[in-house]
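Chain by chain, the residues run as shown.
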Amino acid sequence: MTPVPGIARNRRGLSSLPALAGLLLLTLGLSVFLGVADLSVSDIMSVLAGNGSPEAQSIILDIRLPRIVTGGLAGIHFAVAGLILQTITRNPLADPSIMGVSQGATLSVTLFLLFSVFLRDPGTTARITEMPLEWLPAVGMVGGLIAGAAVYALAFRRDLGPLRITLCGIAIGAVLHAIAIGLIAGWGSARIEVLLEWLSGSLYARSWEHALFLAPFTIAGLLALLPIRRALDLLQFEAPVARSFGLPYRQHFSFALFLSCGLAASAVGAVGPIVFVGLIVPHLARALAGAKTQLLLPLTVTLGAITITSGDLIGRLVSQADEIPIGAVTAVCGVPLLIALLRRTP
Amino acid sequence: MLLACSKLTVTYGGRIALKSFDLTLQPGEVRALIGPNGSGKSTALQAMAGLLRPSGGRAVIDGVAVDAIPRRRLARQLAYLPQQPTAPDEMTVAQLVRQGRFAHVGLLRSYSADDEATIGWALESTGLLALADRPLRELSGGERQRAWISAAIAQEARILLLDEPTSFLDIGYQVEIIDLVYRLSRERGVSIVMAIHDLNQAMSVCDRISLLAKGETVFDGDPKDLAETGLIETVFRVRGTFVPIAPNAPPHFDVELAHRQMRDGVLAR
């Protein structure tokens, strides 16, 4: 592509993508075949071929597959949102939580569960099964977006610099989080269980509705990234440099911020705040891509899906029926990984 | 006349950083901006690059105010290189220089053979072809500075604004960059405004020189005339003499150092 002599190709970057795609298929396959319910390989194969016992069909098609798809999509969302935020804020520790997205979603879900009881007959006691769980993804997403918008508005009144955004995000996030925790602490009811499960980031009982909720955002988000690739490259520079290279900085910075908030908020709504994926995956992708920066996005997408799928698989297998929430698995596995990556950085 | 500033005034908070700054730039002209630290050189360059909103006056290119020109169109007219810019760690020289073509390719158009040729030319004229694939963090200060200059000239703008392009470089690289500036102006007709600390380098390369002090322009004219004003000694609070070095060349300023007087005093005793 470049006629400039002396441009060496980075082989590590080129070979890692097919390898990761293979790994993704492997994790997806394992997730279908392994689980708490003990199904034989032949049972599963016949379900996949369109036959099989009703029980096996229900386990594979209604429980495992939607869970895997939802997890994979959410993983892509968190990872890409983290990549965008780390790029445009030039902060290697940025993840969707610096925009207050998770905390906003937490508060809105808390408030929703708290008040939803009043929407029903006052006589009945709200049990978990009667709660409007189908609304949680949308409520969480709206809460996350509102928090992101508040951070943006607060930072926009000043210079909209990366540092300003980060400080506003941390401040707003802390306030929202404190309010949510205060509500939870002073509340104590059956609904807390739903909330805690959602808060820990879980793929338990995720259905096709969740996957269908996420899919449009995944497609729109990834498509929107393609035309702004060069803008993202330029947003890695300080504003005066990006602007003198010809980039209308404010518009593009705002759009990239909006995109990452949308991706993160929709994922948080669907599966709860899964920590560390948005932070770690872009670093892993960067380590693999090396100088081949055009591979960064595909690697981030693939690794995002792998991380959540395999994290969920580990959570399901380690503790069998009392599965460990994916959020806990990513946090426990994420910390050593982060330390290892930090040791590599010069 | 390509670029003109008239009564350009910039204030930060309540402090006036640049006051009624006037400048005209002809095609192919090299203009040096000199002055003590904090005299407004960088502010003047940033205002000319449309990066600061002036509180008074304006900078115009072909009659249009720079801050009214869309960024990408402006970037095809004018390239600006700040002091000590930073780039992402893993970015290579060639990738940095490619960014200079954004003004031409935009978000979507693919790089044409012309674009690639320009990138090659920019790398070559800064002597960086061999280093094209090296990450910027592995380069020396001089090589990194040349990579940034290479990106700025890949923009192929008619106007190049450089903020202390030779600071922190050893004398060898300083001369290389001064020579490159001269070649760009004479061979490609690029107009250059450059803030620079080395007075003698400024005088030797520029066609016109502006001396700033506390945001005000105290001299604007031919470098040879500056020698006769005595302004250098008062503005920079030094003592020294201008020494002729060659016919038709601006003289060199030879600064008097305090310890030299001291040493002479000791010897005389």
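Calculation criteria
- Position numbers for residues start from 1 in each chain and track the written sequence from start to end.
- Chain letters and ligand numbers both follow the written order, the letters beginning at A and the numbers at 1.
- Where totals are concerned, whole chains, interfaces and linings use all residues; where local detail is concerned, this predicted model gives features only for residues with pLDDT of at least 70, and gives and counts side-chain atom pairs only at 80 or more.
- Each side-chain value is worked out from all heavy atoms of the structure, with water and hydrogens disregarded.
- In this analysis, strands are considered paired if DSSP registers two or more bridges between them.
- Each helix is a run of H or I in the DSSP string that is no shorter than four residues. Each strand is a run of E no shorter than two, and both are numbered from the N terminus.
- Lines fitted to the C-alpha atoms define the axes, with helices restricted to the stretch that makes contact. Angles between their N-to-C directions range from 0 to 180 degrees.
- Each angle gets one of four labels, with under 35 degrees taken as roughly parallel, over 145 as roughly antiparallel, 65 to 115 as roughly perpendicular, and the rest as oblique.
- The sense of a crossing depends on the near helix, which, turned anticlockwise from the far helix by less than a right angle, makes the crossing left-handed and, turned clockwise, makes it right-handed.
- The contact criterion used is simple: two residues touch if any of their non-hydrogen atoms lie within 4.5 Å.
- Three residue categories are used. Nonpolar comprises Ala, Val, Leu, Ile, Met, Phe, Trp, Tyr, Cys and Pro, charged comprises Asp, Glu, Lys and Arg, and polar comprises the others, including Gly.
- A helix's residues, less one, multiplied by 1.5 Å, set its expected span.
- Here the term buried applies to any residue with accessible area under 20% of the maximum for its type, exposed to any over 50%, and partly exposed to those in between, with areas from a 1.4 Å probe on protein chains only.
- By definition, the arc is the one covered by directions from the helix axis to the C-beta atoms.
- The quantity reported as buried area is the accessible area (1.4 Å probe) lost by two parts once they are put together, taken as the sum for both.
- For salt bridges, the criterion is a side-chain nitrogen of Lys or Arg within 4 Å of an Asp or Glu carboxyl oxygen.
- The predictor reports its confidence for every residue as pLDDT, a score running from 0 up to 100.

Draft legend 1. Up close: the pairing of strand β2 (residues 15-25) of chain B. All names here are of chain B. Across seven bridges, the pairing between strand β1 (residues 3-12) and β2 is antiparallel. Opposite C5, over in β2, you have L23 as the bridge partner. The antiparallel hairpin formed by β1 and β2 contains two residues in its connecting segment, where G13 sits at a positive phi of about 60°.

Draft legend 2. Representation of the packing of helix α5 (residues 136-156) of chain A against helix α6 (residues 162-185) of chain A. Residue and element names in this part refer to chain A. As a packed pair, α5 and α6 sit with axes 9 Å apart at the nearest point and diverge in direction by 135°. For the element pair α5 / α6, the angle class is oblique. Considering the relative orientation of α5 and α6, their crossing is right-handed. Seen from α5, the contacting residues are A147, A150, V151, L154 and A155; seen from α6, they are R164, I165, C168, G169, I172 and L176. Its residues assigned to classes, the contact of α5 with α6 shows nine nonpolar, one polar and one charged.

Draft legend 3. Region of interest: helix α4 (residues 101-116) of chain A. For α4 of chain A, built from 16 residues, the straight-helix expectation of 22 Å at 1.5 Å per residue is met to within 8% by its first-to-last C-alpha distance of 22 Å. The buried count for α4 of chain A comes to 14 of 16 residues, which makes it a mostly enclosed element.

Draft legend 4. Representation of the sheet that holds strand β8 (residues 191-195) of chain B within the structure. Residues and elements named next belong to chain B. Taken in spatial order, the six strands make up an open sheet running β6-β7-β8-β3-β9-β10, and their pairing is mixed. Only two strands of the sheet have a single partner each, and these edge strands are β6 (78-81) and β10 (216-221). Neighbour-to-neighbour, the strand axes of the sheet open up by a mean angle of 15°, direction not taken into account. Summarising the sheet, strand β7 (residues 159-163) and β8 pair through five bridges and their orientation is parallel. Along β8, the bridge assignment pairs I159 with S191. Across the sheet, helix α6 (residues 141-154) touches β6 and β7, and the angle it forms with β6 is around 165°.

Draft legend 5. Molecular detail of helix α7 (residues 171-188) of chain B. Residues and elements named next belong to chain B. Between its first and last C-alpha atoms α7 spans 25 Å; for 18 residues at 1.5 Å apiece the expected length is 26 Å, and the two agree. By the burial criterion, the buried members of α7 are Q174, I177, I178, L180, V181, L184 and S185. The buried residues of α7 all sit within an arc of 155° when viewed along its axis, so they share a single face. Relative to its buried face, α7 has exposed residues pointing more than 90 degrees away, namely I171 and E187.

Draft legend 6. Structural detail: the interface of chain B and chain A. Listed by partner, the interface residues are 39 residues for chain B and 28 residues for chain A. Contact between chain B and chain A buries roughly 2800 Å² in total, counting both sides, with carbon and sulfur atoms accounting for 61%. Taken together, the links from chain B to chain A amount to zero salt bridges. Looking at the side of chain B that touches chain A, the element that brings in the most residues is helix α3 (residues 93-99) of chain B, giving five residues.

Draft legend 7. Highlighting the confidence of the model for chain A. Residues and elements named next belong to chain A. Residue-level pLDDT values for chain A average 81, and 87% of them are 70 or greater. Ranking the elements of chain A by mean pLDDT puts helix α7 (residues 191-199) last, at 74, and helix α10 (residues 239-244) first, at 92. When the criterion is pLDDT under 50, residues 1-13 qualifies, and its contacts beyond four places in sequence or with other chains add up to 27 contacts.

Draft legend 8. Representation of the pattern of salt bridges in the model. Residues and elements named next belong to chain B. On inspection of all chains with the given rule, the structure shows 16 salt bridges over all chains. The salt bridge partner of E138 is R134, with a shortest N-O separation of 3.3 Å. With relative accessibility at 33%, the residue R134 sits in the partly exposed group. Linked through salt bridges whose partners overlap, the residues forming this network are R101, R109, D115, E156 and R188.

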